[in-house]
Amino acid sequence: MKKLVFLAIMLIACLSAAAQNSKLENKQASNFNNIYDMLQRQPGVVLNNSTDPPSIIIRGIGTNSSATSPMFMIDGVQVTESQVSSLTPQEVWSIEVVKDGSAGFYGGMESANGVIMIETMGHHEVQERAAEQARAEKAAAREARKTARQKKQK
């Protein structure tokens, strides 16, 4: 019984943590002027437009040297905010904001103020091609096994 209660509590905690993070897929890039307009549409993201580039706050003031800036990742690689500001909305496939405890997985202390993960169109297309090639290789292997079985039965 204790195990069942523990599992239920863990499930609820995981679901609430997943609900805290948000993801925006770029369906209509023409609606945005820059990357900061896209970030502003994310729940829980606060932009201070009085600075250039705008300062971004996700989780409030962090314990790591009173910093508020989140960690930025483009296509799985940690980058600086200036590299992010050079992106255009047309280049972005999706933006995911990680603001719960799982952000530590991406960068330890550097991600204490949250993580903004951006996937570009080019990276997405490479992933799609790789997945399609893997599917084709699996289909060819299945066909080869089927042919070998048929020859063995004769």
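Residues numbered from 1 in each chain as written. Predicted model: local features only at pLDDT ≥ 70, side-chain atom pairs only at ≥ 80, totals over all residues. Heavy atoms only, no water.

Asker: Explain the overall build of the chain to me, please; I cannot follow it from the model alone.
Answerer: Along the backbone of the chain there are 5 helices and 7 strands. In the chain, the succession of α and β elements from N to C terminus is α-β-α-β-β-β-β-α-β-α-β-α. The buried share among the 154 residues of the chain stands at 29%. Counting contacts in the chain only where the partners sit at least 6 residues apart, residues at least 24 apart contribute 61% of the total. As presented, the chain carries roughly 10,300 Å² of accessible surface, and 57% of it is formed by carbon and sulfur atoms. (Helix = DSSP H or I, 4+ residues; strand = E, 2+ residues; numbered from the N terminus. Buried < 20%, exposed > 50% of the residue type's maximum accessible area, 1.4 Å probe, protein only. Contact = heavy atoms within 4.5 Å. Areas by Shrake-Rupley, 256 points an atom, 1.4 Å probe, with all protein chains shown as cover.)

Asker: Looking at this model, I keep getting lost on a positive patch on the surface. Mind explaining?
Answerer: Residues K138, R142, R145, K146 and R149 make up a contiguous surface patch of positive charge. Positionally, R142 belongs in helix 5 (residues 121–153). (Patch = residues over 30% accessible without salt bridge, like charges linked within 9 Å, V, L, I, M, F, W, Y side chains within 5 Å. Salt bridge = Lys/Arg side-chain N within 4 Å of Asp/Glu carboxyl O. Lys, Arg positive; Asp, Glu negative; His and termini not counted. Charge placed at Lys NZ, Arg CZ, Asp CG, Glu CD.)

Asker: Help me understand the environment of G114, please; the structure alone is not making it clear to me.
Answerer: Mapped onto the secondary structure, G114 falls in the loop between helix 4 (104–107) and strand 7 (115–120). Taking C-alpha positions, G114 is 10.0 Å from V45, a pair spaced 69 residues apart along the chain.

Asker: I keep staring at the nonpolar core and nothing clicks. Help me out?
Answerer: Among soluble globular proteins, nonpolar side chains are generally buried collectively. Judged by nonpolar contacts, the single largest core of 19 residues is most densely connected at I35, I56, I95, I116 and I118. Within the residue set of this core, elements represented by two or more residues are helix 2 (35–40), strand 4 (71–74), strand 6 (92–98) and strand 7. The dominant element in this core, judged by the number of residues it contributes, is helix 2, at 4 residues. Non-local contacts of I56, meaning those with residues more than four positions away in its chain, are made with Y36, L39, V45, V46, L47, T68, S69, P70, F72, E81 and I116. In this structure, M71, V98, V115 and M117 belong to the second largest nonpolar core, which totals 5 residues. (Core = buried A, V, L, I, M, F, W, Y, C linked by side-chain atoms within 4.5 Å.)

Asker: Quick question: what am I supposed to make of the pairing of strand 4 here?
Answerer: Looking along a regular strand, one sees side chains alternate from face to face of the sheet. By the alternation rule, side chains of strand 4 split into M71 and M73 and F72 and I74, which are all buried. As defined by bridge partners, strand 4 adjoins strand 7 across 4 bridges and the pair is classed as parallel. Paired with I74 across the strands is I118, a residue of strand 7. Where strand 4 lies against strand 5 (residues 77–79), 3 bridges are found, and the strand directions are antiparallel. If you follow I74 over to strand 5, its bridge partner there is V77. Between strand 4 and the antiparallel strand that follows it, strand 5, lie 2 residues; D75 among them carries a positive phi value of about 55°. (Pairing = 2+ DSSP bridges.)

Asker: Before we go on, may I ask you to explain the confidence of the model for the chain in this structure?
Answerer: Close inspection of predicted coordinates is inappropriate for parts of the model with low pLDDT. Taken over all residues, the pLDDT of the chain has a mean of 75, while the share at 70 or more is 71%. Across residues 15–19, confidence stays below pLDDT 50; counting only partners more than four residues off in sequence or on other chains, it has 2 contacts. (pLDDT = per-residue confidence, 0-100.)

Asker: Teacher, can you tell me more about the pairing of strand 7 here?
Answerer: In terms of burial, strand 7 is largely enclosed, as 6 of its 6 residues are buried. Neither face of strand 7 is left uncovered, since the one carrying V115, M117 and E119 and the one carrying I116, I118 and T120 both have all their residues buried. Across 6 bridges, the pairing between strand 6 and strand 7 is antiparallel. Residue pairing for strand 7: V98 is matched across the bridge by V115.

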